[in-house]
Amino acid sequence: MKLGFNAVLEIADYIGIDVYHNNGNINWTAVKADPKKVKFVYVKATEGATVQDALYAANIQGATAAGFATGAYHFFSLTTSAADQAANFIQQVGDTYPYEMPPVLDYEKDVSHSDVPNVIAAVSAWLAAVQSKWGVVPMIYTSVNYWSQLGNPPGFDQYPLWLANYNKGLPALPGDWPAWAIWQYSGSGVVSGITGDVDLNQYNVASGFL
């Protein structure tokens, strides 16, 4: 089922999951039948400049075939260039971005104060490279803790926010974002068809981002 970036009402009352190779071989038919009514799935594609998730193709194809809205994410590294990381992500996903959910930069790094300007520049460069390639505005996954280490830099609120926060109640927002588009509220969810813990996420229709 094609949801599209603006199909907010269809997914507002549903949760999403994100998966990678550590989740093992997933039974997507069972995920679809889970009473949690999972609606969207993010799949790890790459990490750094060279790592490509071994189960990316199986996961993205399986989730898409099962009828989920899907998207790909990249785990950002501080030890390789943003250009090389963007190239790795693009190579893994393909010449076009065919998924309903926007591409994601997963940023969760501890940084020293002296490194902050370079890290901000690198994050900006990755986002710009991916958007230029596919013509799709990427999303940023992060937490208040990690983003505050960058000094809550301005200008990133043009990108949708996927916020990680496992505390009870609605989470605080980092930086200049007026709202989160997706909130990862648990890292220990249980979903049929997946062995072990699964990240659970809620879409925020009021954010207006997707």
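- By the naming in an unreviewed UniProt entry, the protein chain is Family 25 glycoside hydrolase, taken from Russula earlei.

### Notes on the overall build of the protein chain
Thought 1: Counting its regular elements, the protein chain contains 6 helices and 9 strands.
Thought 2: Taking 210 residues into account, the globule formula puts the C-alpha radius of gyration at 17 Å, and the protein chain, at 16 Å, falls close to it.
Thought 3: Dimensions of the protein chain, computed from C-alpha atoms along their principal axes, come out at roughly 50 × 35 × 30 Å.
Thought 4: Among the 210 residues that make up the protein chain, the fraction classed as buried is 52%.
Thought 5: Taking contacts inside the protein chain between residues at least 6 apart in sequence as the whole, the part at least 24 apart equals 64%.
Thought 6: Split by element, the accessible area of the protein chain, about 9200 Å² in all, is 52% carbon and sulfur.
Thought 7: The averaged location of the 17 negative side-chain charges in the protein chain is 9 Å from the averaged location of its 9 positive side-chain charges.

### Points about the side chain of D106
Thought 1: Topologically, D106 is positioned in strand β5 (residues 104-106).
Thought 2: No salt bridge is formed by the buried D106; its nearest oppositely charged neighbour, K44, is found at 7.2 Å.
Thought 3: With residues up to four places along the chain from it excluded, the contact list for D106 reads Y73, H74, F75, F76 and Y141.

### Overview of helix α5 (residues 116-134)
Thought 1: Between its terminal C-alpha atoms α5 stretches 28 Å, which fits the 27 Å expected from 19 residues at 1.5 Å a residue.
Thought 2: Those residues of α5 that sit buried are V116, V119, I120, V123, W126, L127, V130 and W134. Seen from one end, α5 has its buried residues packed into an arc of 125°, which puts them on one side. In α5, the exposed residues that point more than 90 degrees away from the buried face are P117, N118 and S132.
Thought 3: On the buried face of α5, the contacting elements are β4 (69-75), α4 (82-93), β5, β6 (139-142) and α6 (144-148).
Thought 4: Just downstream of α5 lies G135, where phi reads positive at about 70°.

### Some details on the layout of surface pockets
Empty space among the atoms becomes visible once a probe the size of a water molecule is rolled across them.
Thought 1: Taken as a whole, the largest pocket spans an internal volume of roughly 310 Å³.
Thought 2: In this structure, the largest pocket is lined by 21 residues; those nearest its centre are D18, Y20, Y73, D106 and D199.
Thought 3: Residue assignment for the lining of the largest pocket shows that the elements contributing at least two residues are β1 (15-19), β2 (38-47), β4, β5, β8 (182-189) and β9 (198-203).
Thought 4: For the lining of the largest pocket, the residue count by class is 9 nonpolar, 5 polar and 7 charged.

### A closer look at α4
Thought 1: With 12 residues, α4 should reach 16 Å at 1.5 Å per residue; the first-to-last C-alpha distance of 17 Å fits that figure.
Thought 2: Along α4, the residues that are buried comprise A82, Q85, A86, N88, F89, I90, Q92 and V93.
Thought 3: In the core, the buried residues of α4 are packed alongside β2, β3 (51-52), α3 (56-65), β4 and α5.
Thought 4: The first or second residue beyond α4 is G94, which carries a positive phi of 130°.

### Here we look at the side chain of S143
Thought 1: Looking at where S143 falls in the secondary structure, it is placed in the loop between β6 and α6.
Thought 2: At 3.2 Å, the side chain of S143 and the backbone nitrogen of Y146 are in polar contact.
Thought 3: In this structure S143 touches L163, A164 and P174, once residues within four positions along its chain are discounted.

### Re the pattern of salt bridges
Thought 1: Applying the stated criterion to the full structure yields 2 salt bridges.
Thought 2: Put simply, E47 and K44 hold a salt bridge, and the shortest N to O gap is 2.6 Å.
Thought 3: A salt bridge links K133 to D95, with the nearest nitrogen and oxygen atoms 2.6 Å apart. Taken together, the residues K133 in helix α5 and D95 in the loop between α4 and β5 connect sequence positions 38 residues apart.
Thought 4: Classification of K133 by relative accessible area gives partly exposed; the value is 37%.
Thought 5: The class for D95 is exposed, based on a relative accessible area of 57%.

Cut-off values and rules
- Residues numbered from 1 in each chain as written.
- Predicted model: local features only at pLDDT ≥ 70, side-chain atom pairs only at ≥ 80, totals over all residues.
- Heavy atoms only, no water.
- Helix = DSSP H or I, 4+ residues; strand = E, 2+ residues; numbered from the N terminus.
- Rg over C-alpha atoms; globule rule 2.2 N^0.38 Å.
- Buried < 20%, exposed > 50% of the residue type's maximum accessible area, 1.4 Å probe, protein only.
- Contact = heavy atoms within 4.5 Å.
- Areas by Shrake-Rupley, 256 points an atom, 1.4 Å probe, with all protein chains shown as cover.
- Lys, Arg positive; Asp, Glu negative; His and termini not counted.
- Charge placed at Lys NZ, Arg CZ, Asp CG, Glu CD.
- Salt bridge = Lys/Arg side-chain N within 4 Å of Asp/Glu carboxyl O.
- Expected span 1.5 Å × (residues − 1).
- Arc of directions from axis to C-beta.
- 1 Å grid on protein atoms, 1.4 Å probe; cavity = no way out; pocket = protein on both sides within 12 Å on 5 of 7 lines; lining within 4 Å.
- Points joined across faces, edges and corners; volume = space filled by probe spheres on them.
- Nonpolar A, V, L, I, M, F, W, Y, C, P; charged D, E, K, R; others polar.
- Polar contact = N/O pair within 3.5 Å; in protein donor to acceptor, adjacent residues only side chain to side chain.

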